[in-house]
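Chain by chain, the residues:
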Amino acid sequence: MVFSAGVISKSLPENTTLKQHLRYLTQKSGKMAVLALIYGLMNILSFVSLQNIGAGIFTIFAQCKILTTALCSTMMLRRRYSWARWRALFALMLGVLLFSEPIWNTGEASVREGGNAVVGVVAVLIEVTLSGFASIYFEKVIKNDPEQLGIWERNFQLALGSFPIYFAFIIYDDPDFDSAGAGWSPVALTLSLLGAAGGLLVALSIKYADAILKTLAVTGAIVVSSVLDHYMLGGPLTPFMMIAGAQVIIAICNYTFDSTPVGDTASPKESTSSGKPIVDDEEMAPLTKK
């Protein structure tokens, strides 16, 4: 949030101070507060799921994020994808699932001791559905919102909405604040900074591409990180994983290089009389209240 505010300060509107602009962003942060709530709920659902089912079953169902993102894109942005791209997405989902075979094929019990399989599966299915919805919702706000705020301004609003949610998590976990802020090693700090940078890159990829291409990039990164893990840390890289990794790469190429036009209403509409872009916010009405 502080970093975003610093970037915003370098490109302020004319005759506006940083304090005034940040106050304006705070007043207009309702749509991003919805997204912050969704992310908080997703974290809770992940914990609930992993308390009831094993990591292997969780990993299998988690791959459905690829399809839920595409389905939400179709319903919320009214995009139409060719059958070739749908086949590529299905192949991508199966490829990532097979590539993660060392995680789910470990002989671990599918249900935790004292857990409820139905609760765990329902929780992870809701989580992956919210994940797809959140990606498309963010893309819709970035590209269709009448305010047309910049990516750094949206990140400031998202951080502002996330702060009270995660502060509430801290209070719930440690009401007396006995261990709050403890355990920050250099490695933990580095990972935190990398996570924040990754979040910014995801936002930029959605702004300049779309949520589906972001999902493809994430799945490709799984293959790359696993190869690096094998050569740098001695992680597994079996022939089974290599074949699955090749399937992931082929599926990404099949989706990316498909020349079939995609029906897309996510871009701002153009006015034929004035030549200036006019953005219609009617599609946002069912999602948030102004």
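Given the structure is predicted, the values throughout are model-derived calculations rather than measurements.

(A) Structural context of the environment of G115. By the secondary structure assignment, G115 is in the loop between α7 (101–104) and α8 (117–144). With a relative accessible area of 25%, G115 lands in the partly exposed category. For G115 and G54, which are 61 residues apart along the polypeptide, the C-alpha to C-alpha distance reads 9.6 Å. Ignoring sequence-local partners within four residues, the contact set of G115 consists of Q51 and N52.

(B) Region of interest: the confidence of the model for the chain. For the chain, mean pLDDT is 82; residues scoring 70 or higher make up 88% of the total. Below pLDDT 50 for its whole length, residues 265–290 participates in 45 contacts with residues either more than four positions away or in separate chains.

(C) Broad picture of the packing of helix α6 (residues 83–99) against helix α11 (residues 211–233). Between α6 and α11, the least distance of the axes is 11 Å, while the angle of their chain directions is 25 degrees. When the axes of α6 and α11 are compared, the pair comes out roughly parallel. Here the hand of the crossing between α6 and α11 comes out left-handed. Here L89, L92, V96 and F99 of α6 lie close against α11, whose contacting residues are I212, L216, T219, I222, V223 and S226. Counted by class, the contact of α6 with α11 contains 8 nonpolar, 2 polar and no charged residues.

(D) Just the packing of aromatic side chains, in detail. On inspection of all chains with the given rule, the structure shows 6 aromatic pairs. Taking the centre distance of 6.1 Å and the plane angle of 90 degrees together, the rings of Y81 and W86 count as edge-to-face. Note on Y81: relative accessible area 11%, which makes it buried. With a centroid separation of 5.4 Å and 90 degrees between ring planes, the pair formed by Y166 and F169 is classed as edge-to-face.

(E) Broad picture of the packing of α8 against helix α10 (residues 186–208). The N-to-C vectors of α8 and α10 enclose an angle of 65 degrees; their axes lie 9 Å apart at closest approach. Note on packing geometry: the crossing formed by α8 with α10 is right-handed. Across the interface between the two elements, S135, F138, E139, I142 and K143 of α8 pack against A203, I206 and K207 of α10.

(F) View of a nonpolar patch on the surface. Taken together, F163, F167, I170, I171 and F177 make up a surface patch of nonpolar side chains, about 460 Å² in accessible area. Residue classification places F163 among the exposed positions, given a relative accessible area of 56%.

Calculation notes
- Residues numbered from 1 in each chain as written.
- Predicted model: local features only at pLDDT ≥ 70, side-chain atom pairs only at ≥ 80, totals over all residues.
- Heavy atoms only, no water.
- Helix = DSSP H or I, 4+ residues; strand = E, 2+ residues; numbered from the N terminus.
- Buried < 20%, exposed > 50% of the residue type's maximum accessible area, 1.4 Å probe, protein only.
- Contact = heavy atoms within 4.5 Å.
- pLDDT = per-residue confidence, 0-100.
- Axes fitted to C-alpha atoms, helices over the stretch in contact; angles between N-to-C directions.
- Parallel < 35°, antiparallel > 145°, perpendicular 65-115°, else oblique.
- Left-handed = near helix turned anticlockwise from the far one by under 90°.
- Nonpolar A, V, L, I, M, F, W, Y, C, P; charged D, E, K, R; others polar.
- Phe/Tyr/Trp six-rings, centres within 6.5 Å; stacked < 30°, edge-to-face > 60°.
- Patch = residues over 30% accessible without salt bridge, like charges linked within 9 Å, V, L, I, M, F, W, Y side chains within 5 Å.
- Areas by Shrake-Rupley, 256 points an atom, 1.4 Å probe, with all protein chains shown as cover.
- Salt bridge = Lys/Arg side-chain N within 4 Å of Asp/Glu carboxyl O.

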